[in-house]
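Report on the structure
Below are the chains, spelled out letter by letter.
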Amino acid sequence: MHWIPAKLLSRRKVFVLFWRFLQAVFVVFFFLAIVAVYLNVNQINLKKTYRIDLKDELASSNGGGNGLMTPNCVCPDSKAAPFPNAVEKKGNDVGVVDLLDGFDNQAYGRFRSAIEKTEKTQVQGLACVPGAEELCFQSLPYFGRVIVHFDLKGAVPRVAYLEWLLHVVARAGATGILVEYEDAFPYIGTLTNASSKTALTLSDITRLQTAAHKLGLTYIPLIQTFGHMEFILKLEEFVYLREVKQYPQGINPCDVRSMVLIEEMVDQIMDAHPNLQFIHIGCDEVYHLGQGKECAATDLSRDQIFINHVVNTALYIRRKRPNIRVLIWDDMIRGFPDNYLNDTQLTRLVEPVVWWYAFNPRDYLGQDIWKRYGETFGVAWGASAFKGATGPMRYWNNVTYHILNNRHWLDVLHSEGKDSKLRFEGVFLTGWQRYDHFAGLCELIPAAMPSLMINLLIYKYGKFDSLVYKEAAKLLECSSGFPIIFPTVAKYEANDLRTYTSCKFHGADIYTGLLYLRYLREKVLVLKEEQAETAGWLDPFHGPLGFSSPSRMHEAMGALQDTLDQFRLLRVNLMKLIAVYYDVYTAEEFDSIYVEPYLRLIEELDVWRERNLKHVHWPRRPLTFRGTLNASHVEESRQRPKAARRWGPV
């Protein structure tokens, strides 16, 4: 050992060298960990960052809320398989009744026809989602623009939540967003009152545009410039610009002062969006066009009036931004003859967005529309829906309906235009929050997240199967999946409702709460149907008077007490959660429309039950709501002619 220096042989030196070696190893691993965190920082911190932002914004609005599914939540406690595997097969009609989700008989026929057409084009051997085989199909991916529509009118989500939405739709394949502000835009000057008191700020809009740019999303604002201008024409200072003075829906295209208002709106929108490539100017559903006295006094037809107004608006925009592309909804021009369109500037100034939200656009729009638009405009867009298109008071999302709609739009985008001059620029997935400014809230964004993810992936992959379903579930962090076909009350109770709470996306608690609300409302209907035999003892006359059989009360109302307790608990938690992602005003509106009326109905029945059970003796007949009967009243009623006392057939 003479070749080893003596100083290295000392124990102290050996320990020091070993300690330095461990330090070096620690430093190397620490450095590698920092690099790994840095490379994945966006994915690691994204959810935490937005959750903190949402809590901060909630605190600033004096809100509050905890998770919907707290330890106090009243839910069935059973252990069952994830929902898609739990749907019971019913021969060749797998869940057809559930797929309808409350459609009427006429809608059922259209729905069944659409299902049968889909079944004929299924690819053999495709791995379909168990229980939703009718929806399975294989086509080709779509490589055009895929734009998601966010409708903000009357209920603006928190900006942090909107930023998170931009990230998740980009990951699912969206290439842009269409933002319909309406009263959510912060107008100034003479237009100040057109803005909601909860409108976005200019810094909010800049923040959203920056986030969209970083994600590679095209940002398109939508500004109504013809119909659906209720948000501004409802105001006293703009009544004079209504075409029909009684209706604030449409602006008067035959009053030169209307363009002054529109130009001011356009200026403010464009100033807030300095890098626009597209702008959408609405122009749909101008219901009262040509009915005003100013327009009636002209020699112009209804179609000419429409074209002149749209051309004037588009020309103003193009003069300010020559390279901007102007989009309009197409419903008002679908019936225009080809030669009529060719004789105007309209086809050179705007691009039509063809919207249809029912099952198959080809069946309803006809085959010649694509050829006509190809020969006139040369370019067009399609518009499907992922929410807000199945009823103005639908608070839950019908996923199957929207899968069919987007599946057929995908076929249109691939097939139409091959033999014509038409070029499809892209497709809009619309998500309506209200049917118009005066309508109530329908589907909130969290309620439609599964539909949004699935339908974006349909365009990305050109199919719907179990792989698309699993990717949608992964994007939404749903470890047990999510329902596509909604079950009956019996199936809800046979399965574990906690499978719906496995999702962890922002707004998942609202999504789960709305499913639970639907379950509770349907449960009440089932209970009432089952107890129809005892309803004669709890009718609107005897119930409030407390005049009924106590034993019948126990039979009829025992089950409703549990439902009442669940409703009350759900109401408190759900309203808190909506305030987290929107605001307290949106929560109040939603509660007043969809929760409180049903809760009041159950509470009224419960009051009747309690009132009746307190009685140990009851009065003599006759009974009345209108005050105490006395002998003179009874005698008077006996002396009336028989014909006057008849309440029904002899």
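Below is a summary of the structure that appears in this document. Since the structure is predicted, the reported quantities are computational estimates derived from the model, not experimental observations.

Brief notes about the overall build of the protein chain
- What the protein chain contains, in helices and strands, is 26 helices and 10 strands.
- Here the protein chain, with 650 residues, has 52% of them falling under the buried criterion.
- Partitioning the intrachain contacts of the protein chain with sequence separation of at least 6 by distance along the chain shows that 79% fall at a separation of at least 24.

Topic: helix H17 (residues 399-415)
- For H17, built from 17 residues, the straight-helix expectation of 24 Å at 1.5 Å per residue is met to within 8% by its first-to-last C-alpha distance of 25 Å.
- Buried residues dominate H17, accounting for 15 of its 17 residues.

Focus: the pattern of salt bridges
- Under the criterion given, the structure shown has 19 salt bridges.
- With its nearest N and O atoms 2.8 Å apart, the salt bridge here joins aspartate 255 to arginine 257.
- On the accessibility criterion, aspartate 255 (9% relative accessible area) is buried.
- With a closest N to O distance of 3.4 Å, glutamate 522 and arginine 518 form a salt bridge. A residue pair is termed a helical-turn pair when its members lie 3 or 4 positions apart in one helix, as glutamate 522 and arginine 518 do in helix H21 (residues 508-530) at 4 residues.
- On the accessibility criterion, glutamate 522 (25% relative accessible area) is partly exposed.
- Given a relative accessible area of 5%, arginine 518 falls into the buried group.
- Connected via shared salt-bridge partners are Arg145, Arg325, Glu351, Arg423 and Glu425.

Regarding the packing of aromatic side chains
- Scanning the entire structure with this criterion turns up 25 aromatic pairs.
- Ring plane angle 65° and centroid distance 5.1 Å describe the contact between tyrosine 161 and tyrosine 581, whose orientation is recorded as edge-to-face. Remark: tyrosine 581 occurs in helix H23 (residues 550-581) and tyrosine 161 occurs in helix H7 (residues 159-171); sequence separation between them is 420 residues. Considered together, tyrosine 161 and tyrosine 581 belong to a single accessibility category, that of buried residues.
- Aromatic ring contacts, followed pair by pair, group Tyr181, Phe185, Tyr187 and Phe231 into a single cluster.
- The ring of tryptophan 396 has arginine 394 sitting right over it, with the charged end atom 4.1 Å from the ring centre.
- Of note, arginine 518 hangs over the ring of tryptophan 396, and the distance from its end group to the ring centre comes to 4.0 Å.

Quick notes on the rules
Residues numbered from 1 in each chain as written. Predicted model: local features only at pLDDT ≥ 70, side-chain atom pairs only at ≥ 80, totals over all residues. Heavy atoms only, no water. Helix = DSSP H or I, 4+ residues; strand = E, 2+ residues; numbered from the N terminus. Buried < 20%, exposed > 50% of the residue type's maximum accessible area, 1.4 Å probe, protein only. Contact = heavy atoms within 4.5 Å. Expected span 1.5 Å × (residues − 1). Salt bridge = Lys/Arg side-chain N within 4 Å of Asp/Glu carboxyl O. Phe/Tyr/Trp six-rings, centres within 6.5 Å; stacked < 30°, edge-to-face > 60°. Lys NZ or Arg CZ within 6 Å of the ring centre and 35° of its normal.

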